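Single-letter residue listing:
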Amino acid sequence: MKAATLGFVLFAGTATAVFAQGPMAEFMNEWDVDASGAVTIEDFHARRGDQFYMFDLNEDGSIDAEEQANMDATVTSAMDANHGGGNGNGGGHGAGGPGAKIHATMTAEYADTNGDGAISVDEWTAATERLFTELDKSGDGELSPADFGH
């Protein structure tokens, strides 16, 4: 193995170990679907796709007002249970992590671009692209602790 490659591998392993112990650990564990060490747009689409189908209770390809209310209650309950009311103490969900922003975009206000009151799978997919771009502060196509000030 070339010295430069070995150095990169050691650096990548060290970086992973550092943020794996900090506030980004939960986000990285949940969203790095392919366990590559970075959250790519493909990972982001996979996780957000899972979310869409989890909340599309009647499986009609859209999240209607009733399903949106369920989604909001579920997200709020999870934040309360896991992070003390979403007060910024949860790893990845507060303290500058992406969780609060991700949860805030799970709304018709963010995703229902045609204003019909339901979020279609196409609208959700477009919102996923927009959200990833907003979170990827470095513009490198990957979400990392640096994108969130870590």
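S.K.: I would appreciate a short explanation of the packing of helix α3 (residues 41–55) against helix α7 (residues 121–135) in the present structure.
M.R.: A pair of packed helices is characterised by two quantities: the angle between their axes and the separation of those axes. Interhelical geometry of α3 versus α7 gives an angle of 140° and a closest axis separation of 10 Å. As the angle between them shows, α3 and α7 are arranged oblique. You can see that α3 and α7 cross each other, and the crossing is right-handed. Where α3 abuts α7, its residues Ile41, Phe44, His45, Arg48, Gly49, Gln51, Phe52 and Tyr53 lie against Val121, Trp124, Thr125, Ala127, Thr128, Glu129, Leu131, Phe132 and Leu135. Of the residues assigned to the contact of α3 with α7, the class counts are ten nonpolar, five polar and two charged.

S.K.: Explain the packing of aromatic side chains here, please?
M.R.: For any two aromatic rings, the description comes down to two numbers: the centre-to-centre distance and the angle of the planes. Inspection of the entire model under this criterion finds six aromatic pairs. For the pair Phe27 and Phe148, a centre-to-centre distance of 6.1 Å together with 70° between the ring planes defines the contact as edge-to-face. Here Phe27, found in helix α2 (residues 25–31), pairs with Phe148, found in the segment after β4 (142–143); they are 121 residues apart in sequence, far enough to count as distant. Overall, Phe27 belongs to the buried group, its relative accessible area being 3%. Classification of Phe148 as buried rests on a relative accessible area of 12%. Each ring, one from Trp31 and one from Phe44, has its centre 5.0 Å from the other, and the planes form 35°; the classification is tilted. A residue pair is termed long-range when its members are at least 10 positions apart, and Trp31 in helix α2 and Phe44 in helix α3 qualify at 13 residues. For the pair formed by Trp31 and Phe44, the shared burial category is buried.

What counts as what
Residues numbered from 1 in each chain as written. Predicted model: local features only at pLDDT ≥ 70, side-chain atom pairs only at ≥ 80, totals over all residues. Heavy atoms only, no water. Axes fitted to C-alpha atoms, helices over the stretch in contact; angles between N-to-C directions. Helix = DSSP H or I, 4+ residues; strand = E, 2+ residues; numbered from the N terminus. Parallel < 35°, antiparallel > 145°, perpendicular 65-115°, else oblique. Left-handed = near helix turned anticlockwise from the far one by under 90°. Contact = heavy atoms within 4.5 Å. Nonpolar A, V, L, I, M, F, W, Y, C, P; charged D, E, K, R; others polar. Phe/Tyr/Trp six-rings, centres within 6.5 Å; stacked < 30°, edge-to-face > 60°. Buried < 20%, exposed > 50% of the residue type's maximum accessible area, 1.4 Å probe, protein only.

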